[in-house]
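Report on the structure
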Amino acid sequence: MLPLPALLALTTTVFLGCLTEVLPAGLLLGMSADLGVSPSATGQLVTVYAITTALTAIPLTGATLRVPRKRLLLALIAGFLVTNLVIAVSSSYPLILAARVASGALTGVMWSLVAGYAMRLAPPGLTGRALAVAMSGTPIGFALGVPAGTALGELADWRWAFAAMALISVPLLAWVLVAVPAVPADPAVPTRPLAASRLPGMRPVLATVALFSLGHNVAYTYIGPVLAGLDAAPMLGAALLVFGCATVGGLVAVGSALDGRPRAVLLSCTAVTAAAIVLVGISDGAHGLVLAAAGLWGLGFGGAPTAFQAVTALLAGPTADAAQSLTIAAWNGAVAGGALIGGLLLPLGASLLPWCAALVILSPLSFSRRVVLSAPADRCRSRR
């Protein structure tokens, strides 16, 4: 039986990290006007966050591998409390940018920590489901947290949205103290995460992670212009809502199958996401097809990060926490890269983006057979 109180505390931590990362996108206009900077400068609060996560995930995870896991988790949540509170009360764009950099660094360590923590708390045969429960904070953040935070910012003030995230951190600290078992760090674990990249099958997985995230963000970042080019701009809000809700279903589906067939799950996420993006491209703006594509896209994308992290842990065994930092760096680096490439392609025509994105996402299928999954699904639990 899954230890749900502990896993749901991890879910809330992931929810908080996800919301902290993406919420400025929903508050962009209000923040821009209040801080006296351009909307593009405000948008950099998201870009800088992702780049910081990509650059710091590996070194900071390596530096904290021998810190007791519960102590590190509490420190990360306290860090989110402080950085979000600074943003809520500050009128200085440089200070807010610095707080975003600090939050990005915290998030890189958080992703690496939570995945391994959840799988180590699970009983045998249920590690995939435990990981899915913990990582459900991400689709919940997209489906519910971002719209709620955006609405709060519009009804009151954007600062209240960041203050709310700081307030969430206070009961979460108490929840973790009470419900999450302590997990000691393993002093024998190597503190050089890059060494995990030499494990059999790890490099193809990391390449798959990077290409999936790159292709997804080429299309998703510019989904507004893509739909406008199809004369379906009014469908943007509905499409994003359907996408967000469908990610929850995708995560549930992945969690139920991950323990038995992790490689098949990974490949299915890749194929379904690419097919959905192609469907956007050929929809010709038909509202039903656009919404169907958004739902299919959410199903494919919703479980993908969890599948990637599970496969990474499976390959890495006792070095799973270190290996997770490689996955996080690859994913977040590709977030920034996808936005950049999509921006370069956009002047050539928005209709090109879905096709280029699908091609990039599908390209790992050419070397997917090199992904070796010979270890049992509970291998990561050997660190207990």
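Bear in mind the structure is a predicted one, so any value in this text is a computation, not a measurement.

A word on the overall build of the protein. Counting its regular elements, the protein contains 16 helices and zero strands. Computed over C-alpha atoms, the radius of gyration of the protein comes to 20 Å, within 12% of the 21 Å expected from 2.2 N^0.38 for 384 residues, which places it in the range of a compact globule. The dimensions of the protein, computed from C-alpha atoms along their principal axes, are 55 × 50 × 35 Å. Counting across all 384 residues of the protein, residues that qualify as buried make up 57%. On the protein, roughly 14,800 Å² of surface is accessible, and the fraction owed to carbon and sulfur atoms is 72%. Taking the average location of the 19 positive side-chain charges in the protein and that of its 10 negative ones, the two points are 19 Å from each other.

On to a nonpolar patch on the surface, then. On the surface, a cluster of nonpolar side chains totalling about 330 Å² of accessible area is made up of Ile140, Leu144, Val248 and Val252. Contributions of two or more residues to the nonpolar patch are made by helix 7 (137-155) and helix 11 (236-257). If you trace the backbone, valine 252 turns up in helix 11.

Moving on, we get to the packing of helix 1 (residues 4-26) against helix 5 (residues 93-121). Put simply, helix 1 and helix 5 touch, their axes get as near as 10 Å, and they point 155 degrees apart. Classified by the angle their axes make, helix 1 and helix 5 are roughly antiparallel. Taken as a pair, helix 1 and helix 5 cross one another with a handedness that is left-handed. Residues Ala6, Leu7, Leu10, Thr13, Val14, Gly17, Thr20, Glu21 and Pro24 of helix 1 form the contact with helix 5, whose own contacting residues are Arg100, Ser103, Thr107, Met110, Trp111, Val114, Tyr117, Ala118 and Leu121. When its residues are assigned to classes, the contact of helix 1 with helix 5 shows 11 nonpolar, five polar and two charged.

Its 19 residues place the ends of helix 9 (residues 202-220) 27 Å apart at the C-alpha level, agreeing with the 27 Å of an ideal helix rising 1.5 Å per residue. Among the 19 residues of helix 9, 14 are classified as buried, and the element is accordingly described as predominantly covered.

To continue, consider the domain arrangement of the protein. Taken domain by domain, the protein consists of domain 1 (1-188) and domain 2 (191-372). Distance between the C-alpha centres of domain 1 and domain 2: 21 Å. Taken together, the contact pairs 30 residues of domain 1 with 27 residues of domain 2. Between domain 1 and domain 2, roughly 2,400 Å² of surface is buried when both sides are summed, and carbon and sulfur atoms account for 71% of that area. Broken down residue by residue, the surface that domain 1 buries against domain 2 is led by Ile58, Leu65 and Pro139, which jointly contribute 20%. Put simply, domain 1 and domain 2 have zero salt bridges between them. At the boundary of domain 1 with domain 2, the tally comes to one residue pair in polar contact (both at pLDDT 80 or more). For the side of domain 1 that touches domain 2, the leading source of residues is helix 3 (residues 39-64), giving eight residues.

Taken as a whole, this structure holds one salt bridge when the rule is applied. Of the charged contacts in the structure, one is a salt bridge between aspartate 34 and arginine 159, with a shortest N-O distance of 3.1 Å. Taken as a pair, aspartate 34 in helix 2 (residues 28-35) and arginine 159 in helix 8 (residues 158-179) lie far apart in primary sequence, 125 residues in all. Exposure remark for arginine 159: the relative accessible area of 16% places this residue in the buried category.

Along the chain, isoleucine 51 falls in helix 3. Assessed through its relative accessible area of 36%, isoleucine 51 is described here as partly exposed.

Let's shift gears to the packing of helix 7 against helix 8. Look at helix 7 against helix 8: their axes get within 6 Å of each other, and the N-to-C directions meet at 135 degrees. Taken as axis vectors, helix 7 and helix 8 run oblique relative to one another. In contact with Gly149, Leu152 and Gly153 of helix 7, helix 8 contributes Trp158, Trp160, Ala161 and Ala164. Along the lines of polarity and charge, the residues of the contact of helix 7 with helix 8 split into five nonpolar, two polar and no charged.

Right, let's get into the nonpolar core. Across soluble globular proteins, you tend to see nonpolar side chains buried next to one another. Judged by nonpolar contacts, the single largest core of 113 residues is most densely connected at Leu10 and Trp297. In terms of residue count, the dominant contributor to this core is helix 5 (14 residues). Residues lining this core come from more than one domain, with at least three contributed by each of domain 1 (1-188) and domain 2 (191-372). Dropping the residues within four chain positions of it, leucine 10 is found in contact with Leu73, Val114, Tyr117, Ala118, Leu121 and Ala134.

The next point concerns the packing of aromatic side chains. Two numbers describe a pair of aromatic rings. These are the distance of the centres and the angle of the planes. This model, assessed by the stated rule, comprises 10 aromatic pairs. Ring geometry for tyrosine 220 and phenylalanine 243: centres 5.1 Å apart, planes at 35 degrees, overall tilted. Highlighted residues: tyrosine 220 in helix 9 and phenylalanine 243 in helix 11, separated in sequence by 23 residues. What makes tyrosine 220 partly exposed here is its relative accessible area of 23%. On the basis of relative accessibility, which here comes to 4%, the residue phenylalanine 243 falls in the buried class.

Across its 22 residues, helix 11 extends 31 Å between first and last C-alpha, which sits within 8% of the 32 Å expected from 1.5 Å per residue. Among all positions in helix 11, only Ala239, Phe243, Gly244, Ala246, Thr247, Gly250, Leu251, Val254 and Gly255 are buried.

How each quantity is defined
- Residues numbered from 1 in each chain as written.
- Predicted model: local features only at pLDDT ≥ 70, side-chain atom pairs only at ≥ 80, totals over all residues.
- Heavy atoms only, no water.
- Helix = DSSP H or I, 4+ residues; strand = E, 2+ residues; numbered from the N terminus.
- Rg over C-alpha atoms; globule rule 2.2 N^0.38 Å.
- Buried < 20%, exposed > 50% of the residue type's maximum accessible area, 1.4 Å probe, protein only.
- Areas by Shrake-Rupley, 256 points an atom, 1.4 Å probe, with all protein chains shown as cover.
- Lys, Arg positive; Asp, Glu negative; His and termini not counted.
- Charge placed at Lys NZ, Arg CZ, Asp CG, Glu CD.
- Patch = residues over 30% accessible without salt bridge, like charges linked within 9 Å, V, L, I, M, F, W, Y side chains within 5 Å.
- Salt bridge = Lys/Arg side-chain N within 4 Å of Asp/Glu carboxyl O.
- Axes fitted to C-alpha atoms, helices over the stretch in contact; angles between N-to-C directions.
- Parallel < 35°, antiparallel > 145°, perpendicular 65-115°, else oblique.
- Left-handed = near helix turned anticlockwise from the far one by under 90°.
- Contact = heavy atoms within 4.5 Å.
- Nonpolar A, V, L, I, M, F, W, Y, C, P; charged D, E, K, R; others polar.
- Expected span 1.5 Å × (residues − 1).
- Domains from an automatic or database assignment.
- Buried area = accessible area lost by both parts, 1.4 Å probe.
- Polar contact = N/O pair within 3.5 Å; in protein donor to acceptor, adjacent residues only side chain to side chain.
- Core = buried A, V, L, I, M, F, W, Y, C linked by side-chain atoms within 4.5 Å.
- Phe/Tyr/Trp six-rings, centres within 6.5 Å; stacked < 30°, edge-to-face > 60°.

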